[in-house]
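If you want the building blocks of each chain, they are given just below.
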Amino acid sequence: MIQENWALSMARIEEYLQGLDGARRISQTRYQVGGCEICLQMQEESKVGSYAFPRTLVTFSGEEEAVACFRRQFMIRFLTLGG
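The model shown is predicted, which means the values in this text are computed figures rather than measured ones. (Residues numbered from 1 in each chain as written. Predicted model: local features only at pLDDT ≥ 70, side-chain atom pairs only at ≥ 80, totals over all residues. Heavy atoms only, no water.)

Engineer: For this particular structure, what's the right way to read the nonpolar core?
Structural biologist: In a soluble, globular protein the nonpolar side chains are often hidden away together inside. Formed by 19 residues in total, the largest nonpolar core has its most connected members in L17, I38, L40, V58, F60, F70 and F74. For this core, the secondary-structure elements that each account for two or more residues are α1 (10-18), β3 (30-33), β4 (36-48), β5 (51-62) and α2 (64-79). Per-element tally for this core: the top contributor is α2, with 5 residues. (Core = buried A, V, L, I, M, F, W, Y, C linked by side-chain atoms within 4.5 Å. Buried < 20%, exposed > 50% of the residue type's maximum accessible area, 1.4 Å probe, protein only. Helix = DSSP H or I, 4+ residues; strand = E, 2+ residues; numbered from the N terminus.)

Engineer: Whenever I open this one, the environment of E65 confuses me. Can you help?
Structural biologist: Tracing the sequence through the fold places E65 in helix α2. Remark: the alpha-carbon pair of E65 and C36, spanning 29 residues in sequence, is separated by 8.7 Å.

Engineer: Help me understand the packing of aromatic side chains, please; the structure alone is not making it clear to me.
Structural biologist: Aromatic ring pairs are defined here through the distance separating the ring centres and the angle between the ring planes. What the rule picks out here adds up to 8 aromatic pairs. A ring pair is formed by Y16 and F74, whose centres lie 6.1 Å apart and whose planes are at 70°; its orientation type is edge-to-face. In this pair, Y16 sits in helix α1 while F74 sits in helix α2, placing the two residues 58 residues apart along the sequence. For the pair shown, Y16 and F74 are each scored as buried. Measuring from centroid to centroid gives 6.3 Å for F60 and F70, while their planes differ by 50°, and the two rings are tilted. Placement of F60 in strand β5 and of F70 in helix α2 is noted, with a sequence separation of 10 residues between them. Pair check on accessibility: F60 and F70 agree, each one buried. (Phe/Tyr/Trp six-rings, centres within 6.5 Å; stacked < 30°, edge-to-face > 60°.)

Quick look at the structure:
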């Protein structure tokens, strides 16, 4: 299991997951992509001066290879400019 705190809104991550072929929602905050399960938990916004940034705790669990593969895909999607 891998947990990461991302500076993304839960809605933005859900939009991405819902648009993936092969992804399915298994509960209100859980998705499955192949052998990887993704759990989303909204966190308190982080503030820097007058700016507020959304935070979401993303948990990747399941088959080791499936988790590594999907996590890499997720990171590429959200670490690139305009992601």
